[in-house]
Amino acid sequence: MQKMDYMVFAGKQYFLGDKCQVRLETKGRYYNAFIQEVGTHSSAVSVFIEELGQNRSQRQRHRYFRKSRGGGKGAELLVVTSSYGGRPSSQTPLPPRFQPTAPPRPGLHPPPPSPGEEEILVGGDQAFTLLYNCLLPYAAAQQGEESVQNLWEVLGDGGRSPRRLVALLAYLVLRGRGRAATAQQRSSALQAASLYLLLLGVPGSIASQVFHQVLFDTCSDLPSHCWPQDVAKKRKKDTVKGSKTDSKRSRPPRSQQEVEDEEEEEEEEEEEVHLSVQDLVTIREGVVLLVQSLLRLLRTFSLKEKRQSATNCTQIFTKLLYFEPAPQDLSFSDQQDVSRLKTLPQLAFCGLHLLLSCYHGDQKESLRRVFHRLLYVILMMKRMDRGRPAPLAISHTTMAVRGHALQFVCHLVEDMKEAALPFVKILLQHICFQMVEKSEFRCHGSQAVGVLVSLLPDDDYASYVRWLSGYSRHSKMVYRLFAVDVVMVLLQQPERSAGVGMAGGVASVLPHRYL
């Protein structure tokens, strides 16, 4: 990899010798410094602090970049007083030992912003729509198709660098992720993310070094940041308290990092702006366009070597199931025209089905990943970042999403046959052991078990009934109560009859009298 003497951040480029201000602690004072070395890391520079007379590697601390979760916080590079592509002033030279040893190579200094970039910044939504429609035929072209001219050659002939375009899109995406972002900034961020995902689908994007995993994951998860967070706050209030035994447990002491993260979240909540109804409609249209672009990308862009991105996409699609109500009759096929899918739950189920393709890696691993997320949807629980999952308030929305998740599992079993059945059996056992004590949850959980058990063939049904017999003798009372609820549901199903040539151990378990 060729080392570069500048770094791109927020759409600007910073060179060796630029003046900056840094601080070594979160609330500490600022020190004047010079950028000593760049290019060794994509998100870090080395600076020389004159007052302290020592070198410190400053990793950029920005709310839109990944934060280190290890030990204490590193130093922070907060302000860089550099113009777009500018060089340090000759009136403030660097110390001799920190001056560049060789003259800069020709062609590295970026030209002024191209007309296309200025149109994006000034034109707003219309410029994004026009550019998106122009790039759509390139993304729809198959690998090796010669009927469509190479996009990267077109950009090169026009003097437009793909890296500069990606840097501009990244800047717009990061600017619109904050809770204090305006409606226009959020809308521009969603359209910029859609445009970036569309670029990734163009043949030759990997060779042109357009793909960046952090930016890809950031664009994919943008709906949860651009949509107003007051909805998420209401859902937190809707979560019900756990059992009395859980409330008596002593919680582990929180680390200093967790306390500081909570303080940052509280500050961001105070900065959140008010959005009108028209703003919400515009943002929702941007979210739909982004998800449609992601689905188009998943049909041509493999995540086989990008397991973390596949996991993030699974989590993102699961969140979108709660975004808005969905029609009763959903089609779960992955061959649908995404441009005709207008509700986000429909798009989310289509995305989950696409991730199960062998094109995105081992199918068993993909099934395990998807079923693990659907487990908490069926249980009507919210999985927290830390700690145990929290039950959600039983409402029409949670019940509807739970019903659609069960229909999706039935569709997968019908579509994948033997490949999905082992994970259905694992899902049944996890539902039993994740069940909470509340009677409402046990009632809905037992009904879900009845739906899933009906998908099993006779041999697997007999195996589950034997397992349920041992589960009913568990020491915890909640498990024994849930086993009774499941047995009551199974007794309401049609009785299975032993077939010819069936093993005696299986035939004896099928009748209702065994239950």
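Since we're looking at a predicted model, the values are computed, not measured. (Residues numbered from 1 in each chain as written. Predicted model: local features only at pLDDT ≥ 70, side-chain atom pairs only at ≥ 80, totals over all residues. Heavy atoms only, no water.)

K.L.:
Got a sec to walk through the overall build of the chain? Specific residues and values, please.
P.N.:
A tally of regular secondary structure across the chain gives 20 helices and nine strands. Of all 515 residues assigned to the chain, the portion counted as buried reaches 44%. On the chain, roughly 27500 Å² of surface is accessible, and the fraction owed to carbon and sulfur atoms is 52%. (Helix = DSSP H or I, 4+ residues; strand = E, 2+ residues; numbered from the N terminus. Buried < 20%, exposed > 50% of the residue type's maximum accessible area, 1.4 Å probe, protein only. Areas by Shrake-Rupley, 256 points an atom, 1.4 Å probe, with all protein chains shown as cover.)

K.L.:
Just give me the short version of the packing of helix H17 (residues 439-453) against helix H19 (residues 477-491), but keep the residues and values in it.
P.N.:
Helix packing for two helices is described by the angle between their axes and how far apart those axes are. Relative to each other, H17 and H19 sit at 50°, their axes nearing to 9 Å. Here H19 runs oblique to H17, going by the angle between their axes. Here H17 and H19 pass one another in a crossing that is right-handed. The residues of H19 that touch H17, namely those facing Arg442, Gly445, Ser446, Gln447, Val449, Gly450 and Val453, are Val478, Leu481, Phe482, Asp485, Val486, Val489 and Leu490. (Axes fitted to C-alpha atoms, helices over the stretch in contact; angles between N-to-C directions. Parallel < 35°, antiparallel > 145°, perpendicular 65-115°, else oblique. Left-handed = near helix turned anticlockwise from the far one by under 90°. Contact = heavy atoms within 4.5 Å.)

K.L.:
Lay out the pattern of salt bridges with the relevant residues and their values.
P.N.:
With the rule as written, the count across this model stands at seven salt bridges. Between Glu365 and Arg307 there is a salt bridge, with its nearest N and O atoms 3.5 Å apart. Of this pair, Glu365 sits in helix H14 (residues 363-378) while Arg307 is found in helix H12 (residues 307-320), placing the two residues 58 residues apart along the sequence. Accessibility expressed as a relative area gives 55% for Arg307, which makes it exposed. The salt bridge partner of Arg442 is Asp485, with a shortest N-O separation of 2.5 Å. Highlighted residues: Arg442 in helix H17 and Asp485 in helix H19, separated in sequence by 43 residues. (Salt bridge = Lys/Arg side-chain N within 4 Å of Asp/Glu carboxyl O.)

K.L.:
I'd like a description of empty space enclosed by the protein, backed by residues and values.
P.N.:
Counted under the stated rule, the structure contains three cavities of 30 Å³ or more. In this structure, the largest cavity is lined by Ile378, Leu379, Met380, Met381, Gln434, Met435, Val436, Phe441, His444 and Gly445. Element by element, the count of residues in the lining of the largest cavity is highest for H17, at three residues. Considering only residue class, the lining of the largest cavity consists of seven nonpolar, three polar and no charged. (1 Å grid on protein atoms, 1.4 Å probe; cavity = no way out; pocket = protein on both sides within 12 Å on 5 of 7 lines; lining within 4 Å. Points joined across faces, edges and corners; volume = space filled by probe spheres on them. Nonpolar A, V, L, I, M, F, W, Y, C, P; charged D, E, K, R; others polar.)

K.L.:
Break down the environment of Gly445 for me, citing the residues and quoting the values.
P.N.:
Residue placement: Gly445 occurs in helix H17. Those residues in contact with Gly445 that lie beyond four places of it in its chain are Ile431, Met435 and Phe482.

K.L.:
Outline helix H15 (residues 396-416), supporting the account with residue identities and numerical values.
P.N.:
A rise of 1.5 Å per residue sets the reference length of H15, with its 21 residues, at 30 Å; its end C-alpha atoms lie 30 Å apart and thus fit the reference within 8%. Every buried residue of H15 is listed here: Thr398, Val401, Arg402, His404, Ala405, Leu406, Phe408, Val409, Leu412, Val413 and Met416. The secondary structure elements touched by the buried residues of H15 are helix H13 (344-355), H14, helix H16 (421-434) and H17. Once H15 ends, the next one or two residues include Lys417, with phi positive near 55°. (Expected span 1.5 Å × (residues − 1).)

K.L.:
Mind laying out a nonpolar patch on the surface, listing which residues take part and the relevant values?
P.N.:
Residues Val484, Met488 and Leu491 make up a contiguous nonpolar surface patch of roughly 260 Å² in combined accessible area. On the secondary structure map, Leu491 appears in helix H19. Accessibility expressed as a relative area gives 36% for Leu491, which makes it partly exposed. (Patch = residues over 30% accessible without salt bridge, like charges linked within 9 Å, V, L, I, M, F, W, Y side chains within 5 Å.)

K.L.:
Can you break down the packing of aromatic side chains residue by residue, with the values?
P.N.:
Tallied over the entire structure, the rule returns 13 aromatic pairs. Their ring planes at 55° and their centres at 4.8 Å tell us that Trp227 and Phe323 sit as a pair that is tilted. Placement of the pair is Trp227 in the loop between helix H7 (223-226) and helix H8 (230-238) and Phe323 in the loop between H12 and H13, with a sequence separation of 96 residues. Neither Trp227 nor Phe323 differs from the other in exposure class; each is buried. An angle of 85° between the planes, with centres 5.4 Å apart, marks the rings of Phe433 and Tyr471 as edge-to-face. (Phe/Tyr/Trp six-rings, centres within 6.5 Å; stacked < 30°, edge-to-face > 60°.)

K.L.:
Talk me through unusual backbone geometry; I want residue IDs and the actual numbers.
P.N.:
Backbone geometry at Met380 places phi at a positive 55°, although glycine is not the residue there. Examined against the element boundaries, Met380 turns out to sit in the loop between H14 and strand S8 (381-382). With phi around 55°, Lys417 is a residue other than glycine that occupies positive phi space. Within the fold, Lys417 resides in the loop between H15 and H16.

K.L.:
Quick one: what's the story with the confidence of the model for the chain, residue by residue and with numbers?
P.N.:
Mean pLDDT over the chain works out to 75, with 67% of the residues at or above the 70 mark. Low confidence marks residues 54-116, where pLDDT is under 50. Its contacts with residues over four positions away, or in another chain, come to 130 contacts. pLDDT under 50 marks residues 231-249. Its contacts with residues more than four places away, or in other chains, come to 20 contacts. (pLDDT = per-residue confidence, 0-100.)

K.L.:
So what's going on with the side chain of Ser446? Which residues, and what values?
P.N.:
Its location among the elements puts Ser446 in helix H17. Exposure remark for Ser446: the relative accessible area of 3% places this residue in the buried category. With residues up to four places along the chain from it excluded, the contact list for Ser446 reads Phe482, Asp485, Val486 and Val489.

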